[in-house]
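# Close look at the chain arrangement
For reference, the chains in residue letters:
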Amino acid sequence: MVSEFGPSFDTVLVVDFGAQYAQLIARRVRECHVYSEIVPSTMPVEEMMAKNPKAIILSGGPSSVYAEGAPAVPHGLFETGVPTFGICYGFQAMARELGGTVARTGVAEYGGTPLEVVREGVLFAGLPGRQSVWMSHGDSVAAAPEGFEVTASTPETPVAAFEHPARGLYGVQFHPEVLHSEHGQTVLKHFLDAAGCRPSWTMLNIVEDAVEAVRAQIGPEGRAICGLSGGVDSAVAAAIVQRAIGDRLTCVFVDHGLLRKGEAEQVERDFVAATGVKLRVVDAAERFLKALDGVTDPEEKRKIIGREFIRVFEDEQRAVIADGPVDFLVQGTLYPDVVESGGGTGTANIKSHHNVGGLPDDLQFQLVEPLRTLFKDEVRRAGEELGLPAAMVWRQPFPGPGLGIRIVGAVTRERLEILREADAIAREELTRAGLDRDIWQCPVVLLADVRSVGVQGDGRTYGHPVVLRPVSSEDAMTADWSRVPYDVLARISTRITNEVREVNRVVLDVTSKPPGTIEWE
Ligand SMILES: Nc1ncnc2c1ncn2[C@@H]1O[C@H](COP(=O)(O)OP(=O)(O)OP(=O)(O)O)[C@@H](O)[C@H]1O
Ligand SMILES: O=c1[nH]c(=O)c2[nH+]cn([C@@H]3O[C@H](COP(=O)(O)O)[C@@H](O)[C@H]3O)c2[nH]1
Ligand SMILES: NC(=O)CC[C@H](N)C(=O)O
Ligand SMILES: [Mg+2]
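About the cut-offs
- Residues numbered from 1 in each chain as written.
- Chains lettered and ligands numbered in written order.
- Predicted model: local features only at pLDDT ≥ 70, side-chain atom pairs only at ≥ 80, totals over all residues.
- Heavy atoms only, no water.
- UniProt positions renumbered as here; feature names shortened; annotations may be inferred.
- Helix = DSSP H or I, 4+ residues; strand = E, 2+ residues; numbered from the N terminus.
- Near = heavy atom within 4 Å.
- Polar contact = N/O pair within 3.5 Å; in protein donor to acceptor, adjacent residues only side chain to side chain.
- Areas by Shrake-Rupley, 256 points an atom, 1.4 Å probe, with all protein chains shown as cover.
- Nonpolar A, V, L, I, M, F, W, Y, C, P; charged D, E, K, R; others polar.

- As recorded in an unreviewed UniProt entry, the protein goes by GMP synthase [glutamine-hydrolyzing] and comes from Planomonospora corallina.
- In its Catalytic activity (unreviewed entry) section, the UniProt entry covering the protein states "XMP + L-glutamine + ATP + H2O = GMP + L-glutamate + AMP + diphosphate + 2 H(+)".
- In its Subunit (unreviewed entry) section, the UniProt entry covering the protein states "Homodimer."

## Some details on unusual backbone geometry
- The omega angle of the peptide bond from Lys513 to Pro514 is -10°, so this bond is cis rather than trans.
- Summarising the element assignment, Pro514 is placed in the segment after strand 25 (503-508).
- Geometrically, the link from Pro514 to Pro515 is a cis peptide bond, its omega value of 10° lying close to zero.
- Along the chain, Pro515 falls in the segment after strand 25.

## Here's the deal with the site of ligand 3
- In the neighbourhood of ligand 3, the contacting residues comprise Gly60, Gly61, Pro62, Ser63, Cys88, Tyr89, Gln92, Ser136, His137, Gly138, Asp139 and His175.
- Note that a nitrogen atom of ligand 3 is positioned 3.0 Å from one of the backbone N or O atoms of Ser136.
- Contact between ligand 3 and His175: a nitrogen atom at 3.4 Å from a side-chain N or O atom of the residue.
- Relative to its unbound accessible area of 300 Å², ligand 3 is 89% covered by the protein chains.
- Secondary-structure elements contributing two or more residues to the shell around ligand 3 are helix 3 (89-97) and strand 9 (130-137).
- Considering only residue class, the shell around ligand 3 consists of three nonpolar, eight polar and one charged.

Written as structure tokens, this is what we have:
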């Protein structure tokens, strides 16, 4: 914003090399009260300079810097004199561009890694000499460019951070934007301070902006239906749209047969009570299970579920048409759904979220997605502002494709029943132990095509394992496995093997994200 007295806040550009975390970097900058926006790495430097950036951050990315077609540092960027901070791929790209060397050393680092600060310099000023950082890389900087000082290393990566303060250039191999990097936010803040960014930007009221935007998109006569799942994202999206267009909104809850025990009843009861919104409940189990018959490939499952959702919404579109045509479909899509579905610039497709990458090509609706640039915790804050009940705002996420992507193997009614029982026990025990808020979510996964031998009641069993996947996370982009107390795990295991006949083994998933994702499919 520029007034006659000059700009009131500074802008930081995040140059996106196809990172999983570009939006997260932008958000961390906004948390420092500095305005930030993401630009593609293909944007010409002149266009970037037109935005008058006070600082630039080069993001991570999936490519290898020397690979054919790898995104390059925008031509002429380092000649602009704008202070620049490279992260992971951005760090490697900076090193390479300025005459250092990058190599595939054969040793990758994923997840929590101990970092040793060898010189505080600007980035690590006042921070502990040893700290844990979050890594996700296969390439490494073998030699820093001339004039740069190496400031940190890890056991596998001798050059884990470098800087050239006189030129305003800084870089780290780790991901400071990820909360699991102990002092990441401080490192970022040190860069912003060094670049002279003033902490003068405060977030505009997300909710009011969103209501206005929805009103403008749908217009004074338009009607919408909203896919409502009982989860927080669709609840907040529905509340925003309800504010914008009132009773021209109809919510549709789809029971696809892949829900958890008691879920359909609970959503129907609690949601209407809390919001007073018009709700239609559709029993579509038959059609989803038929479409999924024999399908084992995760992406195929996701695409089928995404398509069937839309077909149900189209049926509903016809069913409520009496009040006037319905052209808009509201979804509680969040930024991570978009990123993981490969929706960023050059971002890899990790999995097609049913509501993004799983949508059919012949979609008859215009999508209304008021939360598309936000993260879960921002959505929760919006929900609180909208006055939604705490139980709804703090509900653990549950994926739209439901138990369909928690059965490794084909989905059948019998397998769903087994998983539903095991899942209900795990949820009950975690709630009883008071862990609901500590744990982001705890998928229970049925390894339907795996069998193992057990001994129960002195007899041999040949049953299936289930996996417990409790994770802690801030926004599902990264996660760590939750350290659930052993006695709680023991109770869950005993109860599941006692009460669910087909399951004779319970295993715990102790993988962070990355490298694992939260759901198994
Ligand atoms: N059973 C369902 N019926 C109707 N729409 C659904 C259903 N499940 C998911 N959706 C739609 O897909 C969107 C994405 O699902 P997702 O699970 O990411 O969000 P959510 O269920 O609203 O929140 P949460 O992430 O907390 O579970 C939802 O916001 C909603 O619009
Ligand atoms: O609505 C959804 N539709 C989907 O297709 C989908 N896939 C994963 N998830 C949820 O997203 C978060 C991140 O999950 P992953 O680490 O498995 O990608 C976790 O919270 C997952 O439960 C989905 N939600
Ligand atoms: N997260 C990243 O930016 C990874 C950078 C690069 N692709 C590597 O593997 O080293
Ligand atoms: Mg959900």
